[in-house]
Amino acid sequence: MPSRIPPLAITAHTATSALGRGRAAHIQALRDRRGGLRANDFTAMPLACAIGRVEGIEQVELPGALAGYDCRNNRLAWLGLGADGFLDAAVAAIERHGAERVALLVGTSTASVGATEQAYRELDGDRFPPALAAPHLHTPHSLGLFLETVLGTRGPCMTIATACSSSAKIFAQGERLIRLGIVDAAILAGVDSLCGSVLFGFNALELVSPEACRPFDAARRGISIGEAAGFALLERDGEGVPRLLGHGESSDAHHMSTPHPLGLGARLALADALARAGIVADDVDYVNLHGTATLKNDEVEAKVLAETFPPHTRASSTKGWTGHALGAAGILEAVLTLLAIEHGLVPGTLNTTTPDAPCAPQLALANESRAIRVALSNSFGFGGNNCTLAFGGAA
Amino acid sequence: MNDTLTVHIEGIGWCSPGLADWEAARGALREGRVIERTGSAKSVPALLPANERRRAPEIVQLACDIAGQACAMSGRKASDLPCVFATMHGDAAITENLCLTLAGNPLELSPTRFHNSVLNAAAGYWTVATQCHAASNAVSASGATFAAGLFEAAVEAHADGIPTLFAAYDSHGEGALAETMRLSTTWGVALVLNPQRGPRTQATLHLRHDGRTQVAAPLATGTPFEAALPLFAALAHGRGGDVRIVSGRSTTLAIEVLA
């Protein structure tokens, strides 16, 4: 078991998703029970499914100096970066600590592969067309290069791409860099955007629901894919701000695209997160579940939930509100978890009416008002890659 | 504040055109032979079971080959080691195949190719094959990928005080994406890094992130093979020295090698 770690201050955080731009839009949508999913109007070839599409990406214009980075994913990053004053907070942290003492850690699954898809649609003979020939539009690190240029950080900078756990794992990575004294702050960014690869790829795996996803419902039919941008700023100290208490990472060692049948990896990640936070399951008030609405994930995750936590721990999946934001899901749901703590609101599991039997008694379908001091967020990805994060309210 | 990370190398893996393992590469580097920088390389992923070897893409077999070599030399069980896999481009052949299918008939997309397309495919196959339940990571950082992955592995080793596996690899390729990214070399290197000195220590590295100086702009194309070579040349010669590798847009990873 890992040792307890000192908690870190989350001095700024924001999210942009199908629920809107910024934290206020998100808490309002949760309170109003207003989901962000709509019928697929993204793919040229019809695909009957619901998607969590962010409004306004098509209208974003990057500043002239950044025009070379123009693609859907970087536009979404730009849209999200400006919300809730995050860009100003990040710039202030860089001035406070020095650019070389601030890490820039990026989590994404597909980065700007939408631009690569477009380049292949518009092939010029057997080459990419000149307008889409820039290498920085086709690298898995495109988001990192874009944000490093925008922010001017000089600390460690890299992309973590572990599918749907990517932007949860950057919290763990940032915590390690600060604890070891390598940096004084870490800017965390998770962005993934809609593209053909993920919509038709998950469709080929028969994991896409034809209707808006219903996590943990007995009649669930698969995932709804979404897109999102989330940002967080980690520092050692901060007044009146929420805290990162712990993190746990593990590997299922079972299968590339199916979870371990007993949830072994999920249990290991959870145990390490609790140990680093110095808490036990009984201390946890709320768990934001991975809850994708695939048959397997929800079956395994509900079992782990029911066997690990007391009934007074409440839990829900927010995928029915936002869709599954894939590589950005970790940080989007971290921000939703922090909103739950701040506002004392357990968001329900939208679209779900009849939970699987037997299902975990902890699962909240309706919204619930209650004090939340400690909350967890689960993120599990292809390759059996798991991450659980533990958060606490303002000290 | 001491921001230097010291790691002790216990195992080394290698694969490049014409040089199948570290023993071959060490010989070539010691003798000052020209290291072939273009072409493909045959990999032998000993730890991948036969059925996984059939399913795994070539680049995953490459990653599992070098990772297996480093583990074998260290004498450590792969199942005990957290792992950091770093790749600048991931699987360009699969990306091209998916994009061409999407441009033709998206409904014909292969489900296996899709799940193999994630950047952590190597980490996924590796942890399944070795029954490793520890944390596994997949890192990419354009032309700074080698430095970023090595640094992350050292950070993870120190954060929990346990030996960690690091592997960096990329593959040559053909097609529009491979041409745009200039994917002309298959190469891979792996290290088992222990934060503590021990009887298996072969060499020691002091790693420091230098955010004030720039050795060179990171390359947007090609592979990080060239960036990694000076470190492995120093290891091959068993000589100490300083190596500086580009680690970001305007940053450097400073490495002091103690033989």
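In case you missed it, the structure is sitting above this.
Residues numbered from 1 in each chain as written. Chains lettered and ligands numbered in written order. Predicted model: local features only at pLDDT ≥ 70, side-chain atom pairs only at ≥ 80, totals over all residues.

Caption draft 1: Focus on the overall build of chain B. In terms of regular secondary structure, chain B is built from nine helices and eight strands. In summary, chain B has a C-alpha radius of gyration of 18 Å against a globular reference of 18 Å for 259 residues, a match within 12%. Taking the principal axes of the C-alpha coordinates as reference, chain B spans close to 55 × 40 × 40 Å. Of all 259 residues assigned to chain B, the portion counted as buried reaches 59%. Considering only intrachain contacts with a sequence separation of at least 6, the fraction spanning at least 24 residues in chain B is 73%. (Helix = DSSP H or I, 4+ residues; strand = E, 2+ residues; numbered from the N terminus. Rg over C-alpha atoms; globule rule 2.2 N^0.38 Å. Buried ≥ 20, exposed ≤ 12 C-beta atoms within 10 Å, placed from the backbone. Contact = placed C-beta atoms within 7 Å.)

Caption draft 2: Local environment of the pairing of strand 9 (residues 228–235) of chain A. Residues and elements named next belong to chain A. Strand 9 sits mainly inside the fold: eight of its eight residues count as buried. Here strand 1 (residues 8–17) pairs with strand 9 via seven bridges, running antiparallel. Within the sheet, the bridge partner assigned to Ala12 lies in strand 9 and is Leu233. Across eight bridges, the pairing between strand 7 (residues 185–192) and strand 9 is antiparallel. Counterpart to Ile187 in the pairing with strand 9 is Leu233. (Pairing = 2+ DSSP bridges.)

Caption draft 3: Local environment of the interface of chain A and chain B. Taken together, the contact between chain A and chain B spans 63 residues of the former and 59 residues of the latter. Those elements that provide at least two residues to the side of chain A that touches chain B are helix 4 (113–121), helix 5 (142–151), strand 6 (157–160), helix 6 (166–179), helix 7 (196–204), strand 10 (243–251) and helix 8 (264–277) of chain A. Among the residues forming the side of chain A that touches chain B, the class breakdown is 28 nonpolar, 24 polar and 11 charged. By the bridge criterion, two bridges tie strand 6 of chain A to strand 3 (residues 136–140) of chain B in an arrangement that is antiparallel. (Nonpolar A, V, L, I, M, F, W, Y, C, P; charged D, E, K, R; others polar.)

Caption draft 4: How the structure looks around the environment of Ala395(A). All names here are of chain A. With respect to the helices and strands, the residue Ala395 is situated in the segment after strand 16 (385–392). Using a count of 12 C-beta atoms within 10 Å as the deciding quantity, one classes Ala395 as exposed. Along the primary structure Ala395 and Pro242 are separated by 153 residues, whereas in three dimensions their C-alpha atoms are 7.2 Å apart.

Caption draft 5: Representation of the environment of Arg33(A) in the model. Residues and elements named next belong to chain A. The topology assignment puts Arg33 in the loop between helix 1 (23–32) and strand 3 (38–39). When the C-alpha positions of Arg33 and Ala293 are compared, they lie 18 Å apart, and in sequence the two are 260 residues distant. Not counting the four nearest positions on each side in its chain, Arg33 is found in contact with Leu350 and Asn367.

Caption draft 6: Structural detail: the environment of His209(B). Relative to the helices and strands, His209(B) resides in strand 6 (residues 203–210). C-alpha separation for the pair His209(B) and Ala227(B), spaced 18 residues apart in sequence, amounts to 16 Å. Leave out the neighbours within four places in its chain, and His209(B) touches Gly155(A), Pro156(A), Ile182(A), Asp3(B), Phe151(B), Ser247(B), Thr251(B) and Leu253(B).

Caption draft 7: Representation of the packing of helix 3 (residues 58–74) of chain B against helix 6 (residues 121–130) of chain B within the structure. Residues and elements named next belong to chain B. Between helix 3 and helix 6, the least distance of the axes is 9 Å, while the angle of their chain directions is 55°. Looking at the two axes, helix 3 sits oblique to helix 6. Considering only the axes of helix 3 and helix 6, their crossing is right-handed. Contacts between helix 3 and helix 6 involve Val60, Ala63, Cys64 and Ala67 from the former and Ala121, Ala122, Tyr125, Trp126 and Ala129 from the latter. (Axes fitted to C-alpha atoms, helices over the stretch in contact; angles between N-to-C directions. Parallel < 35°, antiparallel > 145°, perpendicular 65-115°, else oblique. Left-handed = near helix turned anticlockwise from the far one by under 90°.)

Caption draft 8: View of the pairing of strand 8 (residues 251–258) of chain B. All names here are of chain B. Both strand 6 and strand 8 contribute to a ladder of seven bridges, which runs antiparallel. Within strand 8, the position partnered with Leu207 by the bridge is Ile255. Judged from the seven bridges that link them, strand 7 (residues 241–248) and strand 8 form a sheet pairing that is antiparallel. By the bridge assignment for strand 8, Gly248 is matched with Thr251. Remark: two residues form the turn of the hairpin made by strand 7 and strand 8, two consecutive strands paired antiparallel.

Caption draft 9: Layout of helix 11 (residues 329–343) of chain A. With 15 residues, helix 11 of chain A extends 21 Å between its outermost C-alpha atoms, agreeing within 8% with the 21 Å of an ideal straight helix rising 1.5 Å per residue. The positive-phi residue at the C-terminal boundary of helix 11 of chain A is Gly344(A), with phi of around 60°. (Expected span 1.5 Å × (residues − 1).)

Caption draft 10: Spotlight on the packing of helix 1 (residues 22–30) of chain B against helix 9 (residues 225–237) of chain B. Residue and element names in this part refer to chain B. It is the contact of helix 1 with helix 9, at a shortest axis distance of 9 Å, that shows an interaxial angle of 90°. Overall, the two elements helix 1 and helix 9 adopt an arrangement that is roughly perpendicular. Touching Ala25, Arg26, Leu29 and Arg30 of helix 1 are Phe232, Ala233, Ala236 and His237, all from helix 9. The class makeup of the residues in the contact of helix 1 with helix 9 is five nonpolar, one polar and two charged.

Caption draft 11: Geometry of unusual backbone geometry. Residues and elements named next belong to chain A. For the peptide bond that leads from Ala357 to Pro358, omega is -5°, which places it in the cis range. On the secondary structure map, Pro358 appears in the loop between strand 13 (345–346) and strand 14 (368–369). With a phi close to 80°, Ala293 is a non-glycine residue in the positive phi region. Locating Ala293 in the fold gives a position in the loop between strand 11 (286–288) and helix 9 (295–308).

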